[in-house]
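Fold and geometry: a report
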Amino acid sequence: MARRTPLSDPHRAIDILKEDGGVILTGFTTPCEVEKVNADAAPYIDAIVKDRLSRGLPQGVARCHRLFGRSETAREIWLQQPDLLEIFNHFLSTVSQPYNFEDGVELATAPILSAATTLDNGPGVKQQGLHRDDFLWQQTHRGHQGNEYALGSDVGMAVLVPGSATTVENGATLFIPGSHMWDHSRRPKIEEAVSAEMSVGEAFIFLSSTVHGGGANSTPKSRPVHGFFFCRSYIRPEENQHLLWTREEVRKWSPAAQRQAGYILDNPYLGHCDEKNPIDAERDQDTRV
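Residues numbered from 1 in each chain as written. Predicted model: local features only at pLDDT ≥ 70, side-chain atom pairs only at ≥ 80, totals over all residues. Heavy atoms only, no water.

As recorded in an unreviewed UniProt entry, the chain goes by Phytanoyl-CoA dioxygenase family protein and comes from Endocarpon pusillum.

1. Section: the sheet that holds strand β11 (residues 212–213)
Our working definition: Being paired, for any two strands, means DSSP has found at least two bridges between them. Starting at the N terminus, helices and strands are each numbered in turn, a helix being any DSSP run of H or I of at least four residues and a strand any DSSP run of E of at least two.
With antiparallel pairing, the three strands of this open sheet are ordered in space as β9-β8-β11. Where the open sheet ends on each side, the last strands, each with one partner, are β9 (194–195) and β11. Summarising the sheet, strand β8 (residues 174–175) and β9 pair through two bridges and their orientation is antiparallel. Following the sheet pairing, L174 is matched in β9 by S195.

2. Re the pattern of salt bridges
Applied cut-off: A pairing counts as a salt bridge when a side-chain nitrogen of Lys or Arg comes within 4 Å of a carboxyl oxygen of Asp or Glu. Burial classes follow relative accessibility: with a 1.4 Å probe on protein chains only, a residue under 20% of its type's maximum area counts as buried, one over 50% as exposed, and anything between as partly exposed.
Inspection of every chain in the model, using the stated rule, returns eight salt bridges. A salt bridge links E202 to R4; the shortest N-O distance between them is 3.0 Å. Residue E202 is located in the loop between β9 and β10 (203–207), and its partner R4 is located in strand β1 (residues 4–6); the two are separated by 198 residues in the primary sequence. The class of E202 is buried, set by a relative accessible area of 10%.

3. Some points on the environment of L207
Basically, it comes down to this: The contact rule is simple, with two residues in contact once any of their heavy atoms fall within 4.5 Å.
Within the secondary structure, L207 is located in strand β10. Along the chain, L207 and I87 lie 120 residues apart, while their C-alpha atoms are 11 Å from each other. When near neighbours in sequence (up to four residues on either side) are disregarded, L207 contacts L17, G21, F91, Y149, D154, G156, M157 and H180.

4. Details of helix α1 (residues 10–20)
As a reminder of what qualifies: Here the arc refers to the set of directions running from the helix axis out to each C-beta atom.
If you check which residues of α1 are buried, you get P10, A13, I14, I16, L17 and D20. Seen along its axis, α1 keeps its buried residues to an arc of 165 degrees; they face one direction. Close packing links the buried residues of α1 with β1, β2 (22–26), α5 (82–92), β7 (156–162), β8 and β10. Positive backbone phi, approximately 90 degrees, marks G21, located one or two places after α1.

5. Some details on the side chain of T109
By the secondary structure assignment, T109 is in strand β5 (residues 107–109). Residue classification places T109 among the buried residues on the basis of a relative accessible area of 8%. Not counting chain neighbours up to four residues away, the residues in contact with T109 comprise L92, S93, T94, S233, D266 and N267.

6. Considering the packing of α1 against α5
Let me state the cut-off plainly: Angles shown run from 0 to 180 degrees and are taken between the N-to-C directions of axes, each axis being a line fitted to C-alpha atoms and, for helices, limited to the stretch in contact. Any angle that falls under 35 degrees is termed roughly parallel, while one over 145 is termed roughly antiparallel, one within 65 to 115 roughly perpendicular, and all others oblique. Two helices cross in a left-handed way if the nearer one is turned anticlockwise from the farther one by less than a right angle. They cross in a right-handed way if the turn is clockwise. When residues are grouped by polarity, Ala, Val, Leu, Ile, Met, Phe, Trp, Tyr, Cys and Pro land in nonpolar, Asp, Glu, Lys and Arg in charged, and all others, Gly among them, in polar.
One way to put it is that α1 packs onto α5 with a least axis distance of 9 Å and a crossing angle of 40 degrees. Relative to α5, the element α1 is oriented oblique. Once α1 is placed against α5, the crossing between them reads as right-handed. Contacts from P10, H11, A13, I14, L17 and K18 in α1 reach D83, E86, I87, H90 and F91 in α5. Across the contact of α1 with α5, the residue classes tally to six nonpolar, two polar and three charged.

Put into structure tokens, the structure is as follows:
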């Protein structure tokens, strides 16, 4: 079984992540907040399910993409928790002293949002193949020397928040503890995996190098999980946040959320629009030549 630690103890969570590659965070949220995010995603999930049923198709996995903008609770409460940000920053912040800069001058950039999606696994969904999320960025792993985690080797992380209790029967996420230390040639075996079974209010956080996969749902009810994926600031995110939302919509977000989605820059150049933050740049495509 996956190990647990309170979100209020981020240093313990960091230690377990270095050892196992994933950990369940207790005290992440409340049932009331979970219901709000469930409700934010429900119209989009329901539309997909109804369309499939009308065509005689199995329910399968229904996805509500663009969850970052569609759920204020997720965007402004869950993802702005200082203890969660401390964990993300520990593994994904990038700090460097650029060549020929004055001594002591550093560039530091925090991780940014890669994608935010509700994954609703319907009845009968089969087990997902075990994989690493960083295949998106074509990462190749050489293993870790001396069985000690090399900080800086990961380019992404994820946090999964269950919309209902997750169990072995309804497809709780499977992951292999320690697999983030494997080299690229090692292949996973299903008997090495454990289930990240969770109660409502908990969350599972893991490194993008950790081998994992959704479990099979053998129950008559769907199993929703809200997934939030982050990457280093210089990595291309999975979702293109700059084309998903209008300027007016993004201006309603908090500055912290705008920064998290890449609309306000840490690095003074990477991702700029005419040397401005994207949030301040003109976005009227009709007037551009």
